[in-house]
Structures are given as C-alpha cells and as structure tokens.
Amino acid sequence: MYINYLMLVYKLKATQLKRKQLLPADVPNLIQKKLLESFTITGLTPGSSKEVRAIPARLKDKLIAHLLVIALYVDEFVLNLHEIQKDLRIGQQKLLNHVKALGCKVAASKYLDNPGAKTAVLAIPLTFPNMKARSKGRGRN
C-alpha cells in the first residue's frame with residue numbers, strides 16, 4: 001500500500017499541487033501529512049499570502065530513492081529496471097544513476113520477455129559510486 005501512496009505523490013502534476021485535497025480520500029490522514037511533509041515544500045506566492053505547494057527536483061529524487069528501496073525490499077533485492085522505468089516514466093540513465101547511488105549492481109536481465117532490460121541487484125558488500133569532488137570556485141573577496 002505504501003508504495004502506491006508514494007507513486008501517487010510522484011505522479012502529482014503542478015496543477016494538482018494547487019488543490020486543497022492532493023491525495024485520494026482513502027489515503028489515511030497521518031500518511032498524507034507525512035508524505036506531503038517529506039516530499040513537497042510550501043511557500044507563499046509573490047504579491048499575495050496564498051500558500052502554494054511544489055515538488056523540487058531534489059525531493060523528486062528523494063521520492064524515487066524511497067520507491068526504489070521499497071521495491072528492492074519487496075522483490076528480494078533484485079529489481080527489473082524496465083518495469084520500474086515504465087512506472088516512473090524516467091530515462092534509463094537517470095534510473096541507473098539512482099540504483100547505483102543506492103549501491104546496486106546493474107546487469108543484463110535474465111527475463112525472457114524483454115532481453116534488453118537491465119536488472120538491479122543489491123548485493124553484499126555494498127559498493128557505492130565515487131562522488132566527483134567539487135572544485136572550489138573563484139575566491140570570494
């Protein structure tokens with residue numbers, strides 16, 4: 001159930017974020033509140049006191065990470081990336097970056113229905129990609 005609630009938040013469009021009731025009524029209020037606090041931000045529109053809600057890219061990435069972790073757990077740490085990519089409607093490279101950041105190893109899929117698909121496997125010991133060191137910008141005086 002929780003993964004379905006996460007998908008509902010993920011699929012919210014900017015116009016839907018303006019509504020008072022963002023998620024269906026069958027989603028418990030406590031879960032709605034926690035999801036909206038965790039994956040959206042609120043602010044005031046310029047020139048008025050109307051509060052608006054948004055999902056910035058960093059929180060969208062956080063939401064994708066949560067979805068992937070739960071999907072890995074449910075599927076016993078082996079995940080068909082083709083299916084997840086269809087559900088999330090994101091590019092393959094972006095999805096690969098997310099699963100590698102979680103410590104997964106990516107291999108060609110063994111599923112017969114789609115031989116070009118990739119599989120993410122969370123194996124022990126975890127290995128994470130090396131993060132690029134940020135170069136120091138120009139000195140500030």
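Relevant structure appears above.
Residues numbered from 1 in each chain as written. Predicted model: local features only at pLDDT ≥ 70, side-chain atom pairs only at ≥ 80, totals over all residues. Heavy atoms only, no water.

**Considerations on the overall build of the chain**
Reasoning step 1: Helix and strand counts for the chain come out as five helices and five strands.
Reasoning step 2: Listed N to C, the secondary structure of the chain is α-α-β-β-α-β-α-α-β-β in terms of helices and strands.
Reasoning step 3: Counted over contacts in the chain with a minimum sequence separation of 6, partners at least 24 positions apart contribute 49%. (Helix = DSSP H or I, 4+ residues; strand = E, 2+ residues; numbered from the N terminus. Contact = heavy atoms within 4.5 Å.)

**Details of helix α2 (residues 29-39)**
Along an α-helix, residues three or four positions apart point the same way, because every turn accommodates 3.6 residues.
Reasoning step 1: Of the residues making up α2, those classed as buried are Gln32, Leu35, Leu36, Ser38 and Phe39. Looking straight down α2, one finds its buried side chains confined to an arc of 165 degrees; they lie on one side. Opposite its buried face, α2 presents the exposed residues Asn29, Leu30, Lys33, Lys34 and Glu37, each directed more than 90 degrees away. (Buried < 20%, exposed > 50% of the residue type's maximum accessible area, 1.4 Å probe, protein only. Arc of directions from axis to C-beta.)

**As for the pairing of strand β5 (residues 118-121)**
Reasoning step 1: Relative to β5, strand β3 (residues 78-80) is paired through three bridges, and the arrangement is antiparallel. Bridge pairing in β5 places valine 78 opposite valine 121.
Reasoning step 2: Sheet topology places strand β4 (residues 105-108) next to β5; four bridges connect them, and they run antiparallel. Its bridge partner being in β5, alanine 108 is matched across the sheet by lysine 118. (Pairing = 2+ DSSP bridges.)

**Quick look at the side chain of threonine 40**
Reasoning step 1: One can find threonine 40 in the loop between α2 and β1 (41-44).
Reasoning step 2: Residue classification places threonine 40 among the buried positions, given a relative accessible area of 6%.
Reasoning step 3: A distance of 2.4 Å separates a polar atom in the side chain of threonine 40 from the backbone oxygen of leucine 36.
Reasoning step 4: At 2.7 Å, the side chain of threonine 40 forms a polar contact with the side chain of arginine 53.
Reasoning step 5: With residues near it in sequence (within four places) discarded, threonine 40 still touches Leu35, Arg53, Ala54, Ile55 and Leu59. (Polar contact = N/O pair within 3.5 Å; in protein donor to acceptor, adjacent residues only side chain to side chain.)

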